[in-house]
Amino acid sequence: MQKRDVTFESLNIVKLLKDKKPKRVLFVCLGNICRSPAAQGVLQHIVDTHGASSDWEIDSAGTYGGHAGDLPDRRMRVHAQRRGYDLTHRSRRVRESDFDDFDLIIAMDKSNERNLHDMAPSVEAEAKIVPMIEFVNISTRYDHVPDPYYEGAEGFELVLDLLENGCANLYDMLTDGKN
């Protein structure tokens, strides 16, 4: 297992957003029913806990639209609820307008990242795309946030562990640990 450091590109994006209000963050996975709505719920919880809700806009979407309108996967909702997160987001597909509407677009894995780069309408839009794993600094054997959809309970718990760590680090980087 390796502990990772945040890359130069991620630090540059974070630096640009540090003083911006509201900070607009979009989390992206494949179907928008497991990882990205969980990341949205985790970061929203952190922001709410710090009393900074008015300073943030947080959403999630998928690169695949087959689950549009669905709640997050029941298993993810159950595991998230046990940790105090209420996932009520309705799945949607990434739209071209998201590249204008959000400052930071965070992909859960390399496939999502490639799809986002293909969807981006400009070089400036592509510069907003960052892998979620860039913000995770706990030891893990993964170089991405794995999809728990075909896994058991351990897969959902692992994803929540990675997202809690990554979202806490993202929040701290964008706020210097304050609201």
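Look up a bit, the structure's there.
About the thresholds
- Residues numbered from 1 in each chain as written.
- Predicted model: local features only at pLDDT ≥ 70, side-chain atom pairs only at ≥ 80, totals over all residues.
- Heavy atoms only, no water.
- Disulfide = S-S within 2.5 Å.
- Buried < 20%, exposed > 50% of the residue type's maximum accessible area, 1.4 Å probe, protein only.
- Pairing = 2+ DSSP bridges.
- Helix = DSSP H or I, 4+ residues; strand = E, 2+ residues; numbered from the N terminus.
- Axes fitted to C-alpha atoms, helices over the stretch in contact; angles between N-to-C directions.
- Contact = heavy atoms within 4.5 Å.
- Phe/Tyr/Trp six-rings, centres within 6.5 Å; stacked < 30°, edge-to-face > 60°.
- Lys NZ or Arg CZ within 6 Å of the ring centre and 35° of its normal.
- 1 Å grid on protein atoms, 1.4 Å probe; cavity = no way out; pocket = protein on both sides within 12 Å on 5 of 7 lines; lining within 4 Å.
- Points joined across faces, edges and corners; volume = space filled by probe spheres on them.
- Nonpolar A, V, L, I, M, F, W, Y, C, P; charged D, E, K, R; others polar.
- Core = buried A, V, L, I, M, F, W, Y, C linked by side-chain atoms within 4.5 Å.

**Some details on the state of the cysteines**
Chemically, a disulfide is nothing more than a covalent bond linking the sulfur atoms of two cysteines.
At step 1: Summed over the entire model, instances satisfying the criterion amount to zero disulfides.
At step 2: Of all cysteine sulfurs in the structure, the one in Cys-34 sits closest to Cys-29, which takes part in no disulfide; the separation is 6.8 Å.
At step 3: On the accessibility criterion, Cys-29 (2% relative accessible area) is buried.

**Examining the sheet that holds strand 3 (residues 104-107)**
Hydrogen bonds between backbone groups are what pair the strands of a sheet, and the pairing can be parallel or antiparallel.
At step 1: Sheet architecture is open: four strands sit in the order 2-1-3-4, paired in parallel fashion. Each edge of the sheet is formed by a strand with only one pairing partner; in this case those strands are strand 2 (56-62) and strand 4 (129-131). Across this sheet, the average inter-strand angle for adjacent strands is 25 degrees, counted without regard to direction.
At step 2: Bridge analysis of strand 3 against strand 4 gives three bridges, and the strand direction is parallel. Within the sheet, the bridge partner assigned to Ile-106 lies in strand 4 and is Val-130.
At step 3: Against the sheet, helix 2 (residues 35-49) touches strand 1 (23-29) and strand 2, its axis set at about 170 degrees to strand 2.

**Overview of the packing of aromatic side chains**
At step 1: As enumerated under the stated definition, the model contains two aromatic pairs in all.
At step 2: Summarising the aromatic geometry, the rings of Trp-56 and Tyr-171 are spaced 5.6 Å apart at their centres and angled 20 degrees between planes, so their arrangement reads as stacked. One end of the pair, Trp-56, is in strand 2; the other, Tyr-171, is in helix 7 (residues 153-175), with 115 residues separating them in the sequence.
At step 3: The class of Trp-56 is buried, set by a relative accessible area of 6%.
At step 4: The ring of Tyr-149 is capped by Arg-75, whose NZ or CZ atom sits 5.1 Å from the centre of that ring.

**Re the layout of surface pockets**
At step 1: There is about 160 Å³ of room inside the largest pocket.
At step 2: Lining the largest pocket are Cys-29, Leu-30, Gly-31, Asn-32, Ile-33, Cys-34, Arg-35, Tyr-64, His-67, Asp-147, Tyr-149 and Tyr-150.
At step 3: Among the residues forming the lining of the largest pocket, the class breakdown is seven nonpolar, three polar and two charged.

**Points about unusual backbone geometry**
At step 1: Here the bond from Lys-21 into Pro-22 is cis, since omega is -5 degrees, no more than 30 degrees from zero.
At step 2: Within the secondary structure layout, Pro-22 lies in the loop between helix 1 (8-17) and strand 1.
At step 3: Not every positive phi belongs to a glycine, and Asn-32 is a case in point at roughly 60 degrees.

**As for the nonpolar core**
Note on soluble globular proteins: their nonpolar side chains tend to be buried together.
At step 1: Counting residues in hydrophobic clusters, the biggest one holds 37 residues, and the most contacted among them are Phe-27, Leu-43, Trp-56 and Leu-170.
At step 2: Breaking this core down by element, the ones donating at least two residues are helix 1, strand 1, helix 2, strand 2, helix 3 (74-82), strand 3 and helix 7.
At step 3: Tallying contributions element by element places helix 7 first for this core, with nine residues.
At step 4: The contact partners of Trp-56, leaving out residues within four places of it in the chain, are Pro-22, Lys-23, Val-25, Leu-43, Val-47, Tyr-171, Leu-174 and Thr-175.
At step 5: The next biggest cluster of nonpolar side chains, apart from the first, holds twelve residues, and it includes Val-28, Ala-107, Ala-125 and Ile-129.

Note that every value here comes from positions in space, so none of it alone points to a role or purpose.
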